[in-house]
Amino acid sequence: MGGSTAIRVEALSKTFDTAAVLHDFSLDVRAGELLALLGPSGSGKTTLLRIIAGLDFPDRGRIIFGGDDATQLPVQQRAVGFVFQHYALFKHMSVAENIAYGLNARRRSERPAKAEIKARVGDLLDLIKLSGFADRYPSQLSGGQRQRIALARALAVEPRVLLLDEPFGALDAQVRKDLRRWLREIHDRTGQTTIFVTHDQDEALELSDRVAVLDKGRLEQVGTPDEVQENPVSATVLKFLGDTIEVEALARDGQVFVQGRATPVVARPGLVGPVKLYARPWQLQFAEAHEAHLHGTVRSSYRTQGRQRIEVDREGEGKTVVVEASDTARLAAGLPVGLRILGGYVFAD
Amino acid sequence: MSSLAVRAPGPSRPTSQPAPRTASVVTEGGFVRWLLIAVAIGFLALFLVLPLVTVFVQAFAKGWAAYLAAFTEADAHSAIRLTLIAAAIAVPFNLVFGVAAAWAIAKFEFKGKNLLVTLIDLPFSVSPVVSGLIYVLVFGAQGLIGPWLIERDVQIIFAIPGIVLATIFVTFPFVARQLIPLMQEQGTAEEEAALTLGASGWHAFRTVTLPNIRWGLLYSVLLCNARAMGEFGAVSVVSGHIRGLTNTLPLHVEILYNEYNFVAAFAVASLLAGLALVTLVIKSVLEWRYSADIAAGARRH
């Protein structure tokens, strides 16, 4: 990656009624990248996408498209392709008419010839693998097919950026997975700069070149999926990217101790005193009592996709932690166990 | 295959077992059902069918020639013409106003929105006679701005403009009321999609919004038209009943009836009844064919 900047979001602020949804938000989008805006609901990600599209306007800040200030540019002139969560296909138009809409809406002098539009619709139908569907109506299609048509419709106007608002949010799990892979393929083939909004971390991590993690209207971190997973900058990012176990710990001389026992986790220089240690379920291991950092009793366990997840009630704390182990022996409820921390992240308390 | 078919349970079911209950649990016994249906039909016959039949029986009481004679006189002609004029102005006006109001209410947030919705409903809750009186008080010879207008030779009350105004007032809510819930349900995503694809606001309205509301619009225009042509109370107050000049069809019926000219009165009335029947048929066809596109959620009329 590392292309030039396609879109620059500069110090954007937006308030709805009295609730602030974006605070002084800045972000660069590189040309040709597939960027995920990841965040919980209410984090401002959809508002950001709509401001980039020109469907909403910021109170402060600027949107810059390829060097030109587009903040005041009306939506029609921004040349963005927007794909809505619920498709927003035109119900009374056939698939071909839907895809051709943007081309037909142009002024006569800029409108391609009929034959040219027809050819372009045909090419796009091939691209989304729905060649025989030109004369169907949206009501005759499945959710996944509708979303592919919506994408073709957005691509038809050759947008400089493709914006997708929770594009797979209304689809069931299997279709979602297929469409993810398919979208990645389309992106690899077209090289279209694409921003998509999601609250599903798996989707963001699997699909994107870079992930921007949002929380409460602020940008927490932006980086490749590997970067944000290996070096999360805050507990918020860490917690949002997957299940975590939170443990009171003590940092001293670059080492982190839990209940007086050293862990392999390394503390950043300068981080001294009481800290919070966060570990993923697979960074815990069952251990003999004299090696364990945590003690508790098994509450329940269940199996999923070849792994076993065990809930353990921590001794004295009244907290439950989830441990992931290979699917071998099933642990009975009530069994006393010790847990050893194999890795994790520490942040100031 | 055939051996399987023979083994399938079916006609050989033991007769001692009770037959499976096929009726819905919310239904009533036979007697109650028939009683309710009979009451409903009897009521309909007495209050709707009988009067309708009477209208046509009375209209044709003295034969075809007398029936047709009711329409050949000049006053009848002018009444028909005035009714058509009033409807031809009021309906398009309400069409434009209704779409604009529904658009504003369904697609935008603004202060005073609830007040606007309440005001649109006002003509439904006000007696038509009061609606007519309002115009007399404003535009009449002793009214607020009536004298000023009369000085400048502008006659509103007891003239065609008054009749048109009164008609517009009473038919005000039809289109807006029908379209507001429909447009609210449809939301703004399709329009937004059209705008991001480069369509101008007007192009998006013409190619996306209008096709989405077309059947609901046609339906409401139909009802609006029926009311515009049939309105009596408000129009009666502002008309002044000047024969040949300010008489609409319903007013003409009243005058003929008061003159004991029953055949002519019912002949003209049959015209209005015919309009009602045509409206009813088109309305039913629209409801049957496009119910989902007419009203939000379920049928409302």
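Residues numbered from 1 in each chain as written. Chains lettered and ligands numbered in written order. Predicted model: local features only at pLDDT ≥ 70, side-chain atom pairs only at ≥ 80, totals over all residues. Heavy atoms only, no water.

All right, on to the sheet that holds strand β15 (residues 284–287) of chain A then. Strand pairing in a sheet takes place through backbone hydrogen bonds and is either antiparallel or parallel in direction. Residues and elements named next belong to chain A. Strand order in this open sheet of 5 strands is β15-β19-β16-β17-β18, and the pairing throughout is antiparallel. The strands lining the two open edges of the sheet, one partner per strand, are β15 and β18 (320–326). Pairwise comparison of adjacent strand axes, ignoring direction, gives a mean angle of 50 degrees for this sheet. As paired strands, strand β16 (residues 294–304) and strand β19 (residues 336–341) are joined by 4 bridges and run antiparallel to one another. Within β19, the position partnered with Leu294 by the bridge is Leu339. (Pairing = 2+ DSSP bridges. Helix = DSSP H or I, 4+ residues; strand = E, 2+ residues; numbered from the N terminus. Axes fitted to C-alpha atoms, helices over the stretch in contact; angles between N-to-C directions.)

Now for the packing of aromatic side chains. Within the structure shown, the criterion is met by 19 aromatic pairs over all chains. Ring geometry for Phe60 of chain B against Tyr67 of chain B: centres 4.2 Å apart, planes inclined by 20 degrees, an arrangement best described as stacked. Among the residues examined, Phe60 of chain B registers a relative accessible area of 32% and is labelled partly exposed. On the basis of an interplanar angle of 10 degrees and a centroid distance of 6.1 Å, the ring pair of Tyr135 of chain B and Phe139 of chain B is categorised as stacked. With Tyr135 of chain B and Phe139 of chain B both in helix α6 (residues 128–139), this residue pair falls 4 residues apart, about one helical turn. Following the ring pairs from residue to residue traces out a cluster consisting of Phe60, Trp64, Tyr67 and Phe71 of chain B. Sitting above the plane of the Trp182 of chain A ring, Arg148 of chain A keeps its charged end 5.9 Å from the centroid. The ring centre of Phe90 of chain A lies 4.5 Å from the NZ or CZ of Arg153 of chain A, which sits over that ring. (Phe/Tyr/Trp six-rings, centres within 6.5 Å; stacked < 30°, edge-to-face > 60°. Buried < 20%, exposed > 50% of the residue type's maximum accessible area, 1.4 Å probe, protein only. Lys NZ or Arg CZ within 6 Å of the ring centre and 35° of its normal.)

With 30 residues, helix α11 (residues 201–230) of chain B should reach 44 Å at 1.5 Å per residue; the first-to-last C-alpha distance of 37 Å falls well below that figure. For α11 of chain B, the principal kink sits at Arg214 of chain B and spans about 55 degrees. (Expected span 1.5 Å × (residues − 1). Bend = angle between axes of the 7 residues up to and from the residue.)

With that settled, the discussion passes to the sheet that holds strand β10 (residues 218–223) of chain A. Residues and elements named next belong to chain A. With mixed pairing, the 6 strands of this open sheet are ordered in space as β6-β7-β8-β3-β9-β10. In this open sheet, the two strands that pair with only one neighbour each are β6 (80–83) and β10. The average angle at which neighbouring strand axes cross in this sheet is 20 degrees, direction not considered. Pairing analysis gives 5 bridges linking strand β3 (residues 34–38) to strand β8 (residues 194–198), with the strands arranged parallel. Bridge pairing in β8 links Ala36 to Phe196.

Residue and element names in this part refer to chain B. Between its first and last C-alpha, helix α5 (residues 113–125) extends 19 Å over 13 residues, near the 18 Å set by a 1.5 Å rise per residue. Those residues of α5 that sit buried are Lys113, Ile120 and Pro123. Buried residues along α5 sit against α4 (74–107), α8 (160–171) and α9 (173–186). (Contact = heavy atoms within 4.5 Å.)

This paragraph deals with the interface of chain B and chain A. Taken together, the contact between chain B and chain A spans 19 residues of the former and 20 residues of the latter. Taking both partners together, chain B and chain A bury about 1600 Å²; carbon and sulfur atoms supply 61% of that area. In terms of surface lost to chain A, no three residues of chain B exceed Glu190, Thr196 and Leu197 of chain B, which account for 41% of the buried area on that side. Note that Lys91 of chain A and Glu190 of chain B form a salt bridge whose closest N and O atoms lie 2.5 Å from each other. Remark: the boundary between chain B and chain A carries 5 residue pairs in polar contact (both at pLDDT 80 or more). (Buried area = accessible area lost by both parts, 1.4 Å probe. Salt bridge = Lys/Arg side-chain N within 4 Å of Asp/Glu carboxyl O. Polar contact = N/O pair within 3.5 Å; in protein donor to acceptor, adjacent residues only side chain to side chain.)

Turning our attention to the nonpolar core. Core analysis: the largest hydrophobic core is formed by 44 residues, its most contacted members being Ile99, Leu125, Ile149 and Leu151 of chain A. Ranked by the residues each element gives to this core, the list is headed by helix α4 (residues 143–156) of chain A, at 7 residues. With residues near it in sequence (within four places) discarded, Ile149 of chain A still touches Leu89, Val95, Asn98, Ile99, Leu125, Ile128, Leu130 and Leu141 of chain A. With 41 residues, the next largest nonpolar core counts Ile7, Leu12 and Ile52 of chain A together with Ala194 of chain B among its residues. (Core = buried A, V, L, I, M, F, W, Y, C linked by side-chain atoms within 4.5 Å.)

With that out of the way, let us pick up the domain arrangement of chain B. Residue and element names in this part refer to chain B. Domain annotation of chain B identifies domain 1 (25–59) and domain 2 (67–294). Computed over C-alpha atoms only, the centres of domain 1 and domain 2 are separated by 31 Å. If you look at the interface, domain 1 gives 5 residues, while domain 2 gives 8 residues. Of the roughly 600 Å² buried between domain 1 and domain 2, counting both surfaces, carbon and sulfur atoms make up 82%. (Domains from an automatic or database assignment.)

This part is about the pattern of salt bridges. Residue and element names in this part refer to chain A. Following the criterion strictly, the structure yields 32 salt bridges over all chains and no others. The salt bridge partner of Lys129 is Glu185, with a shortest N-O separation of 4.0 Å. Pair noted here: Lys129 is in the loop between α3 (114–127) and α4 and Glu185 is in helix α5 (residues 173–190), with a separation of 56 residues, a long-range link. When the shortest N-O distance is used, the salt bridge between Lys276 and Glu246 registers 3.4 Å. Residue Lys276 is located in strand β14 (residues 273–279), and its partner Glu246 is located in strand β11 (residues 245–252); the two are separated by 30 residues in the primary sequence. Using a relative accessible area of 29% as the deciding quantity, one classes Glu246 as partly exposed. One continuous salt-bridge network, built from bridges that share partners, spans Arg176, Arg180, Asp200, Glu203 and Glu206.

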